[in-house]
Amino acid sequence: GAGVSQSPRYKVAKRGQDVALRCDPISGHVSLFWYQQALGQGPEFLTYFQNEAQLDKSGLPSDRFFAERPEGSVSTLKIQRTQQEDSAVYLCASSLVVWDEQLFGPGTRLTVL
Amino acid sequence: DQQVKQNSPSLSVQEGRISILNCDYTNSMFDYFLWYKKYPAEGPTFLISISSIKDKNEDGRFTVFLNKSAKHLSLHIVPSQPGDSAVYFCAASGFTGGGNKLTFGTGTQLKVEL
């Protein structure tokens, strides 16, 4: 496909469970961003990759959150020991170069029970 | 600390009229501003952007105005169409060398009525 894709689209987890969210950016896009969007709020920055290098992880809310992009394309956001406050939509965005407009995927809606 | 604010959670306009969505920011380091549109269950879609060296940018029915001294920007949609009904997010960035991360407002729900 031509756009950013994310999987799964919906995830329900029991509190304490680990989850992994996948992002497939647009082919050739160097920059990849993860955002968290809580209900009724705007997206909030989590972390940024330039190719395989994670250059900014200042938005990750705790050490339970971990992101990787080992080959500079697909990225995975992992959340360990999920808590109810982790319930949100997790959005991935990519851009061709770092100063280009970010194009967003459809998001993964995570619900922690 | 909300660095980007959209004070109107909702706006209703009639089809064919002008829609004006407003956004204020507090961080003087922001130098690039964007508007995204979001439908339910979809990711935000890029609409239009403006650099801080400009005060206006136009793309078809969409125009963004930037007033740097007031730290205010607005999105004008004219004429408004029913398909424009969506949540609109204002976003800002300032390149710091670590990425072009966006700071978003809380969004304005636009409803265009027939």
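The present account deals with the structure reproduced in this document.

Thresholds applied
- Residues numbered from 1 in each chain as written.
- Chains lettered and ligands numbered in written order.
- Predicted model: local features only at pLDDT ≥ 70, side-chain atom pairs only at ≥ 80, totals over all residues.
- Heavy atoms only, no water.
- Contact = heavy atoms within 4.5 Å.
- Buried area = accessible area lost by both parts, 1.4 Å probe.
- Salt bridge = Lys/Arg side-chain N within 4 Å of Asp/Glu carboxyl O.
- Polar contact = N/O pair within 3.5 Å; in protein donor to acceptor, adjacent residues only side chain to side chain.
- Helix = DSSP H or I, 4+ residues; strand = E, 2+ residues; numbered from the N terminus.
- Nonpolar A, V, L, I, M, F, W, Y, C, P; charged D, E, K, R; others polar.
- Pairing = 2+ DSSP bridges.
- Disulfide = S-S within 2.5 Å.
- Buried < 20%, exposed > 50% of the residue type's maximum accessible area, 1.4 Å probe, protein only.
- Core = buried A, V, L, I, M, F, W, Y, C linked by side-chain atoms within 4.5 Å.
- Patch = residues over 30% accessible without salt bridge, like charges linked within 9 Å, V, L, I, M, F, W, Y side chains within 5 Å.
- Areas by Shrake-Rupley, 256 points an atom, 1.4 Å probe, with all protein chains shown as cover.
- Axes fitted to C-alpha atoms, helices over the stretch in contact; angles between N-to-C directions.

Let us now look at the interface of chain B and chain A. Opposite the 20 residues of chain B that make contact, chain A presents 23 residues. Across the interface of chain B and chain A, roughly 1,600 Å² is buried in total on both sides, 57% from carbon and sulfur atoms. Along the contact surface separating chain B from chain A lie one salt bridge. One salt bridge in this structure joins D56 of chain A and K101 of chain B, with 3.4 Å as the shortest N-O distance. Taken together, the links from chain B to chain A amount to eight residue pairs in polar contact (both at pLDDT 80 or more). Going through the elements one at a time, strand 4 (32-38) and strand 5 (45-51) of chain B are the ones with two or more residues in the side of chain B that touches chain A. With four residues, strand 4 of chain B is the largest single contributor of residues to the side of chain B that touches chain A. Along the lines of polarity and charge, the residues of the side of chain B that touches chain A split into 10 nonpolar, seven polar and three charged.

Next up on the list: the sheet that holds strand 8 (residues 72-77) of chain B. Residues and elements named next belong to chain B. If you walk across this open sheet you meet the five strands as 1-3-8-7-6, and the pairing is antiparallel. A single partner strand is all that each edge strand has here, and the edge strands are strand 1 (4-5) and strand 6 (56-59). In this structure, strand 6 lies alongside strand 7 (residues 62-67), joined through four bridges in antiparallel fashion. Paired with E58 across the bridge in strand 7 is T63.

To continue, consider the state of the cysteines. Taken as a whole and assessed by the stated rule, the structure comprises two disulfides over all chains. Disulfide pairing is shown between C23 of chain A and C92 of chain A; the S-S distance is 1.9 Å. Around the S-S axis, the bridge from C23 of chain A to C92 of chain A shows a dihedral of about -65° and counts as left-handed. Note that C23 of chain A is positioned in strand 3 (residues 19-24) and C92 of chain A in strand 9 (residues 88-95), a separation of 69 residues in sequence. By the burial criterion, C23 of chain A is buried, and C92 of chain A matches it. With its sulfur 2.0 Å from that of its partner, C23 of chain B forms a disulfide with C90 of chain B. Judged by the torsion about the S-S bond (-70°), the C23 of chain B/C90 of chain B disulfide is left-handed.

Further remarks concern the nonpolar core. In terms of nonpolar packing, the biggest core is built from 23 residues, with F33, W35, L73, L75 and Y88 of chain B touching the most fellow members. Those elements that provide at least two residues to this core are strand 3 (19-25), strand 4, strand 5, strand 7, strand 8, strand 9 (86-93) and strand 11 (108-113) of chain B. When residues of this core are assigned to their parent elements, the largest contribution, four residues, is made by strand 9 of chain B. Dropping the residues within four chain positions of it, L75 of chain B is found in contact with S19, I20, L21, W35, L47, I48, F62, T63 and Y88 of chain B. With 20 residues, the next largest nonpolar core counts A13, V19, C23 and L46 of chain A among its residues.

All names here are of chain B. Overall, the coordinates contain seven salt bridges over all chains when judged by the stated rule. One salt bridge connects E113 with K111, and the closest N-O pair in it is separated by 4.0 Å. We classify E113 as partly exposed; its relative accessible area is 33%. Under the relative-accessibility criterion, K111 is labelled partly exposed at 49%.

The subject of this paragraph is a nonpolar patch on the surface. Judged by side-chain polarity, I18, I20 and V78 of chain B come together as a nonpolar surface patch covering roughly 220 Å² of accessible area. Turning to its location among the elements, I18 of chain B is positioned in the loop between strand 2 (10-14) and strand 3.

Take the sheet that holds strand 7 (residues 65-68) of chain A next. Picture the strands of a sheet paired through backbone hydrogen bonds; they go either parallel or antiparallel. All names here are of chain A. On the basis of which strands lie adjacent, the open sheet formed by four strands has the order 1-3-8-7 and antiparallel pairing. Of all strands in the sheet, those with a lone pairing partner are strand 1 (5-7) and strand 7, marking the two edges. The sheet shows a mean angle of 15° between the axes of neighbouring strands, direction not considered. Pairing between strand 1 and strand 3: three bridges, direction antiparallel. When the sheet's bridge partners are listed, Q6 is paired in strand 3 with C23.

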